[in-house]
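Results of the structural survey
Single-letter residue listing:
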Amino acid sequence: QVQLVESGGGLVQAGGSLRLSCAASGRTFSFYNMGWYRQAPGKEREFVAAINWSSENTSYRNSVKGRFTVSKDNTRNTVYLQMSGLKAEDTAIYYCSARGITNELYWGQGTQVTVSP
């Protein structure tokens, strides 16, 4: 019912910035809680950031607080992750997630972010 497509990943130097986008299809996108997760090689997927359906609440893992900002544009059916002050430790595949009103869960295919020292 909902399809998610991430974009905006790439190679960036430490200290640089990058904005990830997650374009969603679905009639009820405005009411979905959105999240960002990441997975580095050899490691398990970890939570990065989340934003609730109304954009009133956001949540971040401690290591990205003050550097990353998650936002949601209901007009464009898109959720963003603005990443600043990037570190080598941020290198990972970043995944977009969506959870609907009935608690159904969807995942995007991921976009690679590589931060060079």
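Right, let's walk through the structure included here. Since the model is a prediction, treat every value here as computed from it, not as a measurement. (Residues numbered from 1 in each chain as written. Predicted model: local features only at pLDDT ≥ 70, side-chain atom pairs only at ≥ 80, totals over all residues. Heavy atoms only, no water.)

Re the environment of glycine 9
Along the chain, the position of glycine 9 falls in the loop between strand S1 (3-7) and strand S2 (10-13). Spatially, the C-alpha atom of glycine 9 lies 9.8 Å from that of alanine 92, the residues being 83 residues apart in sequence. Setting aside its immediate chain neighbours within four residues, glycine 9 contacts Leu18, Leu20, Thr111, Gln112 and Val113. (Helix = DSSP H or I, 4+ residues; strand = E, 2+ residues; numbered from the N terminus. Contact = heavy atoms within 4.5 Å.)

Details of the side chain of glutamate 104
Considering the arrangement of structural elements, one finds glutamate 104 in the loop between strand S9 (92-99) and strand S10 (105-107). The charged side chain of glutamate 104 is buried without a salt bridge, its nearest counter-charge being arginine 99 at 7.7 Å. In this view, glutamate 104 contacts Tyr32, Ala98 and Arg99; residues no more than four positions away in its chain are not counted. (Buried < 20%, exposed > 50% of the residue type's maximum accessible area, 1.4 Å probe, protein only. Lys, Arg positive; Asp, Glu negative; His and termini not counted. Salt bridge = Lys/Arg side-chain N within 4 Å of Asp/Glu carboxyl O.)

Some details on the state of the cysteines
Scanning all chains against the criterion turns up one disulfide. Each sulfur in the disulfide pair cysteine 22 and cysteine 96 lies 2.1 Å from the other. Classification of the bridge connecting cysteine 22 and cysteine 96 rests on its S-S torsion, roughly -80°, and on that basis the disulfide is left-handed. Here cysteine 22 is found in strand S3 (residues 18-25), whereas its partner cysteine 96 is found in strand S9, with 74 residues between them in sequence. Given a relative accessible area of 0%, cysteine 22 falls into the buried group. (Disulfide = S-S within 2.5 Å.)

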